[in-house]
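An overview of the molecular structure
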Amino acid sequence: MIPVEDGPENSGEVSTAVEFHYVDQEDNVLACYPLIRQLRPHLDSEREFLLRWQQQSAQGYRLLALWHDTQLVGLAGFRVQDNLVHGRFVYVDDLVIDASCRSRGYGKILIERLKTEAKLLSCAKLLLDAAMSNTLGHRFYYRQGLLATALRFSVTLPE
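Figured I'd write up the structure that's included with this text.

Criteria and cut-off values
Residues numbered from 1 in each chain as written. Predicted model: local features only at pLDDT ≥ 70, side-chain atom pairs only at ≥ 80, totals over all residues. Heavy atoms only, no water. Helix = DSSP H or I, 4+ residues; strand = E, 2+ residues; numbered from the N terminus. Contact = heavy atoms within 4.5 Å. Buried < 20%, exposed > 50% of the residue type's maximum accessible area, 1.4 Å probe, protein only. Core = buried A, V, L, I, M, F, W, Y, C linked by side-chain atoms within 4.5 Å. Axes fitted to C-alpha atoms, helices over the stretch in contact; angles between N-to-C directions. Left-handed = near helix turned anticlockwise from the far one by under 90°. Patch = residues over 30% accessible without salt bridge, like charges linked within 9 Å, V, L, I, M, F, W, Y side chains within 5 Å. Areas by Shrake-Rupley, 256 points an atom, 1.4 Å probe, with all protein chains shown as cover. Salt bridge = Lys/Arg side-chain N within 4 Å of Asp/Glu carboxyl O.

1. Description of the side chain of Q144
Structurally, the position occupied by Q144 is in the segment after helix 4 (135-143). Filtering out sequence-adjacent residues up to four positions away, Q144 remains in contact with K108, I111 and K115.

Right under this line is the structure:
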């Protein structure tokens, strides 16, 4: 368990009954499937999610779960990276709050924990991508102090 401290990032409707746990056992990963599927609906099964988690974990991916009492309310999947542009940074692959729990402060608590984790991991930045169509997400990220500093370009390669 990673405790949550009282402070300005933990205000509003959310009580201090929230806890963070790293998800590092297969049965716990499977329990996260319904929530991650809200963000990644293309994941067809628990098995596919488990296999992807195993592969990504071998590359440094960590899954951090936010619990309120006995309910899983949020997940963040991230990894430490290093490149010439940003130096050492935390890249957030996945960030989701259960649809039934949004607008209660959980997202803010999760972002603040990720910032803390990044500092503990000697990272100077926290980065994430957001789909251009995710305007509500953009507004949320701006409110958390994240700024849009680049556009990501991609192409799907033929098989």
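Picking up where we left off.
2. Focus: the side chain of R79
Note on placement: R79 falls in strand 4 (residues 71-83). Overall, R79 belongs to the buried group, its relative accessible area being 10%. The residues touching R79, leaving out its near neighbours within four places in the chain, are Q56, Q59, G60, Y61, F89, V90, Y91 and D93.

3. Overview of the nonpolar core
Residues L66, V92, L95, L110 and L114 are the most contacted members of the largest nonpolar core, which totals 24 residues. Mapped by element, the contributors of at least two residues to this core are strand 2 (18-23), strand 3 (62-68), strand 4, strand 5 (87-97), helix 3 (106-120), strand 6 (125-128) and helix 4. Counting residues per element, this core draws most heavily on helix 3, which supplies 6 residues. Among all residues touching L95, those that are not within four sequence positions of it are L39, L75, A76, L110, I111, L114, L128 and Y141. Counting residues in hydrophobic clusters, the runner-up holds 16 residues, among them C32, Y33, L50 and L75.

4. Details of the packing of helix 1 (residues 26-39) against helix 2 (residues 46-57)
Contact geometry of helix 1 with helix 2 gives a least axis separation of 9 Å together with a crossing angle of 115°. For the pair helix 1 and helix 2, the crossing hand works out as right-handed. Between helix 1 and helix 2, the residues in contact are E26, V29, L30, C32, Y33 and I36 and E46, F49, L50, W53 and Q54, respectively.

5. Considerations on the environment of Q144
Overall, Q144 belongs to the buried group, its relative accessible area being 8%. Linking Q144 and I109, residues 35 residues apart in sequence, is a C-alpha distance of 9.9 Å.

6. Concerning a nonpolar patch on the surface
Together, M132, L151 and F153 line one region of the surface with nonpolar side chains, adding up to about 420 Å² of accessible area. Tracing the chain through its elements places F153 in the segment after helix 4.

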